[in-house]
Amino acid sequence: MTAPTRVGAADRSRVPAAGGWSRSSPRPYRRPRGRNQKTPWLYLAPALVVLGGLLVYPVYQLGLISFFEYTQAQVSGGEPTTFQGFGNYSELFSDPQFWQVLLATVVFAAACVVSTLAVGCALAVLLTRVRAVPRLALMLAALGAWATPAITGSTVWLFLFDPDFGPVNRLLGLGDHSWTYGRFSAFFLVLLEVVWCSFPFVMVTVYAGIRSVPAEVLEAAALDGASQWRIWRSVLAPMLRPILVVVTIQSVIWDFKVFTQIYVMTNGGGIAGQNLVLNVYAYQKAFASSQYSLGSAIGVVMLLILLAVTLVYLRLLRRQGEEL
């Protein structure tokens, strides 16, 4: 039988007390009491001040002007500003051209979003199939298109499809065909430019999402005999759903408020306004016709539509919170 050992003072300090922690044992983290809960808001205050000056105040002024009669006469001080209430909105909604432009804007934005997503997702999958050098070249070319200013890209596309000097008509043998003369051909030309400058965002985002998918999942699908389209539809698309929601909603917002491409490539909305979208229509009402109140009303309607799209986006993200 061995003799009991004595516990010295140094050893006694390492023995946990009954019902508690010893001096040398690690203690659980406890949040300090009385911590200032306003600290995060102090860090956010500079950004909130800038956003308030650049966003909230202009939106407030936009909504305010939409409730008054505000034309060139009021701007110059020749006539007093009078309160119209919802009169500007009533005049706007009773104008058949507004509903035609709204329909054209929705259809055009939908076509741009679908085309952008199709091209971006296809090229994202292609990036995973090619070697490093072609992948780098495609990335640089796409980022170059993404970084090109809208007015510069619109001018380049106009030159490519020019009826006299454009190389596209020569390659296709179309002679002096004018792409901007017809309504649908002009919209198609603008759609190509919008997709060209928008697909890099979708491509890079979806490519990053594909790279995060475990390779074992894709190998198992390929071993089961699934085609590339089946792998995308049944494996990749469900796993990339949160990313696809983000790029879809952002594309909707960007394409719904297209201005530069339409204004530059159709010379302000096309012949007799056949290629008008809401942003160009608001510009014409506010600055070409000096009806600033009507232009503001159109801007408020666009803001409400985009806010509705944003709320749908946030709701979708909330439903998929576990996946995000």
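As a reminder, the structure under discussion sits directly above these lines.
Please read these numbers as outputs of a predicted model, since none were measured by experiment.

It is worth spelling out the overall build of the protein chain at this point. Scanning the protein chain from N- to C-terminus turns up 15 helices and 2 strands. Looking at the 324 residues of the protein chain, the share that counts as buried comes to 32%. Sequence-distant contacts in the protein chain: of pairs separated by 6 or more residues, those separated by 24 or more amount to 65%. Counting only carbon and sulfur atoms, one obtains 65% of the accessible surface of the protein chain, whose full area is about 20,600 Å².

The description of two aromatic rings rests on the distance between their centres and on the angle between their planes. Counted by the stated rule, this structure contains 21 aromatic pairs. Plain terms: the ring middles of Phe 93 and Trp 99 are 5.9 Å apart, the flat faces sit at 35 degrees to each other, and that makes the pair tilted. Overall, the relative accessible area of 39% leaves Phe 93 in the partly exposed class. With a centroid separation of 5.1 Å and an interplanar angle of 65 degrees, the aromatic rings of Phe 201 and Trp 254 are classed as edge-to-face. Within this pair, whereas Phe 201 is found in helix α9 (residues 183-211), its partner Trp 254 is found in helix α12 (residues 241-256), the two being separated by 53 residues in sequence. An aromatic cluster is present here, built from Phe 67, Phe 86, Tyr 89, Phe 93, Phe 98 and Trp 99 joined pairwise through their rings.

So, on to empty space enclosed by the protein. Considering all chains together, one arrives at 1 cavity of 30 Å³ or more under this definition. What lines the largest cavity is Thr 116, Ser 198, Ser 251, Trp 254 and Asp 255. Residue contributions to the lining of the largest cavity peak at 3 residues, all from α12. Of the residues that constitute the lining of the largest cavity, the class distribution is 1 nonpolar, 3 polar and 1 charged.

Scoring rules and cut-offs
Residue positions are given per chain, counted from 1 along the sequence in the order it is written. Totals for whole chains, interfaces and linings use all residues, but because this is a predicted model, local features are given only for residues with pLDDT of at least 70 and pairs of side-chain atoms are given and counted only at 80 or more. Each side-chain value is derived from all of the structure's non-hydrogen atoms; neither hydrogens nor water enter the calculation. The secondary structure listing takes helices from DSSP runs of H or I that are at least 4 residues long and strands from runs of E that are at least 2 residues long, numbered from the N terminus. Here's how the labels work: a residue is buried when its accessible area is under 20% of the maximum for its type, exposed when over 50%, partly exposed in between, all with a 1.4 Å probe on protein chains only. Residue contacts follow a heavy-atom distance rule, with two residues in contact if any of their heavy atoms lie within 4.5 Å. Residue-level accessible areas treat just the shown protein chains as cover; the underlying method is Shrake-Rupley with a 1.4 Å probe. In this analysis, rings of Phe, Tyr and Trp, with Trp reduced to its six-membered ring, are considered paired at centre separations within 6.5 Å, and the interplanar angle assigns stacked below 30 degrees, edge-to-face beyond 60, and tilted for intermediate values. In this analysis the probe radius is 1.4 Å and the grid spacing 1 Å, with only protein atoms considered; a cavity is a set of points the probe fits into but cannot get out of, a pocket is an open set with protein on both sides within 12 Å along at least five of seven lines, and lining residues have an atom within 4 Å of a point. Grid points are joined across faces, edges and corners, and a volume is the space filled by probe spheres set on the points. Each residue is assigned to one of three groups, with Ala, Val, Leu, Ile, Met, Phe, Trp, Tyr, Cys and Pro labelled nonpolar, Asp, Glu, Lys and Arg labelled charged, and all others, Gly among them, labelled polar.

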